[in-house]
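Per-entry structural report
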Amino acid sequence: MITRPNVKVNLGLNVLRKRGDGFHDLETLFVPYFGLHDTLEIIPGDAWSETSASLFARYGGDPDAEVPALRQAILEDGKVMITLARAEGVDWDPLKDLTVKAYRLLEADYKLPPVKIFLEKTSPVGAGLGGGSADAAFALRMYNELFDLGLSDEDLCAYAARLGSDCALFIANRSVFGEGRGEILTPYDLPSVDASGDGSGEGSYDLRVVVPERIAVSTADAYRGIVPALPEIPLREVLSRPVEQWKDLLVNDFEKTVFARYPELGLLKQSLYDSGAVYAAMSGSGSALFALYRKED
């Protein structure tokens, strides 16, 4: 089974308060963006892969590289073999990938058969686009279908929330309003925005994502310096206003701390406005930015 986990952007992100469990309460609108995606294949342990040969041909040329572009690993019990491929190099332990964690989470409740995972990472890492969370959510769906677990979307969302604050949004994979630490999700219609990535969808505003090179922002770093506060205008009210009014009202609280450390991101945001964007912002904790452009009639 092969899927293509897409990414997301955040329309507004308000950090409201520090919680007793160490997390923060926030409010944001998650919007799936389909212009960037990974390729994820999961198959039973005794099945043939459709992507393996291609991955080894394209990424396996230098196994001795300091940061190899392709890495494989097998769990000690042999139940998961994972192959990760990324042009910029795979600099994390494959067995700690969220697709493996998703398997272990379900395997604790259901005696799953062995699997092989093949993941080609083409969505950016450390860009605030939730690519890893998408991989986890898509993996949960795939395990559910492969092994006929009979889990509902509500069940899958509960598992996804245990893997990460924004994992559950990729189960429904539609625009949702996020509250709590990001796991309390409410469907939200956003008919004005075309998030197809190629301008082919409906909506008066085309959403485009820009990923700066060689800048990856950790969530922990982004939170340093954040002062939680309630916004003057609640996010839902801002979103209900015309898109042309969002520039001065719809904010991402992380921009202040991240732009201070990476001023080039602030310059990039201004360049998006200079290019004709109606609205531009950083996604999540950065470093990716996105812009809305009004479509020509």
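Residues numbered from 1 in each chain as written. Predicted model: local features only at pLDDT ≥ 70, side-chain atom pairs only at ≥ 80, totals over all residues. Heavy atoms only, no water.

Examining helix α3 (residues 131-146)
- Between its first and last C-alpha, α3 extends 22 Å over 16 residues, near the 22 Å set by a 1.5 Å rise per residue.
- Most of α3 is tucked away, with 12 of its 16 residues classed as buried.
- All of the buried residues in α3 are G131, S133, A134, D135, A136, A137, F138, A139, L140, M142, Y143 and N144.
- Taken from the residues just after α3, D148 is the one with a positive phi, measuring 50 degrees. (Helix = DSSP H or I, 4+ residues; strand = E, 2+ residues; numbered from the N terminus. Expected span 1.5 Å × (residues − 1). Buried < 20%, exposed > 50% of the residue type's maximum accessible area, 1.4 Å probe, protein only.)

Observations concerning the environment of A134
- The residue A134 is located in helix α3 in this model.
- In the structure, A134 is positioned 13 residues away from F147 in sequence and 20 Å away in space, judged by C-alpha atoms.

Some points on the nonpolar core
- Core analysis: the largest hydrophobic core is formed by 48 residues, its most contacted members being L11, L207, L239, W246 and Y279.
- Among the elements of the structure, β2 (6-18), β3 (24-37), β11 (205-210), α7 (235-239), α8 (254-261), α9 (263-274), β12 (279-282) and β13 (289-294) are those that each provide at least two residues to this core.
- Leave out the neighbours within four places in its chain, and L11 touches T28, L29, V31, L190, L235, L239, W246, L250, Y279 and F290.
- With 40 residues, the next largest nonpolar core counts L106, Y143, F147 and V176 among its residues. (Core = buried A, V, L, I, M, F, W, Y, C linked by side-chain atoms within 4.5 Å. Contact = heavy atoms within 4.5 Å.)

A look at the environment of D93
- For D93, the location among the structural elements is in the loop between β6 (80-85) and α2 (98-107).
- Measuring from C-alpha to C-alpha, the distance between D93 and Y223 comes to 25 Å, with 130 residues separating the pair along the chain.

Some remarks on unusual backbone geometry
- Look at the link from G286 to S287: it is a cis peptide, with omega at 20 degrees.
- Within the fold, S287 resides in the loop between β12 and β13.
- Of note in the backbone geometry, N173 takes a positive phi value of approximately 55 degrees without being a glycine.
- Relative to the helices and strands, N173 resides in the loop between α5 (169-172) and β8 (176-179).

A short note on the sheet that holds strand β7 (residues 115-120)
- Spatially, the 5 strands line up as an open sheet ordered β1-β4-β7-β6-β5, and their pairing is mixed. On the outer flanks of this sheet lie β1 (2-3) and β5 (70-74), each paired with one strand and no other.
- Here β5 runs beside β6; their pairing, made up of 5 bridges, is antiparallel. Note on β6: the bridge partner recorded for A73 is I82. (Pairing = 2+ DSSP bridges.)

A closer look at the sheet that holds strand β9 (residues 184-187)
- If you walk across this open sheet you meet the 4 strands as β2-β3-β8-β9, and the pairing is antiparallel. The sheet is open, and its two borders are formed by β2 and β9, each paired with just one other strand. Within the sheet, the average angular offset between the axes of one strand and its neighbour, ignoring direction, is 25 degrees.
- Bridge analysis of β8 against β9 gives 4 bridges, and the strand direction is antiparallel. Residue pairing for β9: G178 is matched across the bridge by L185. (Axes fitted to C-alpha atoms, helices over the stretch in contact; angles between N-to-C directions.)

Don't take any of this as a statement about function, it's just geometry.
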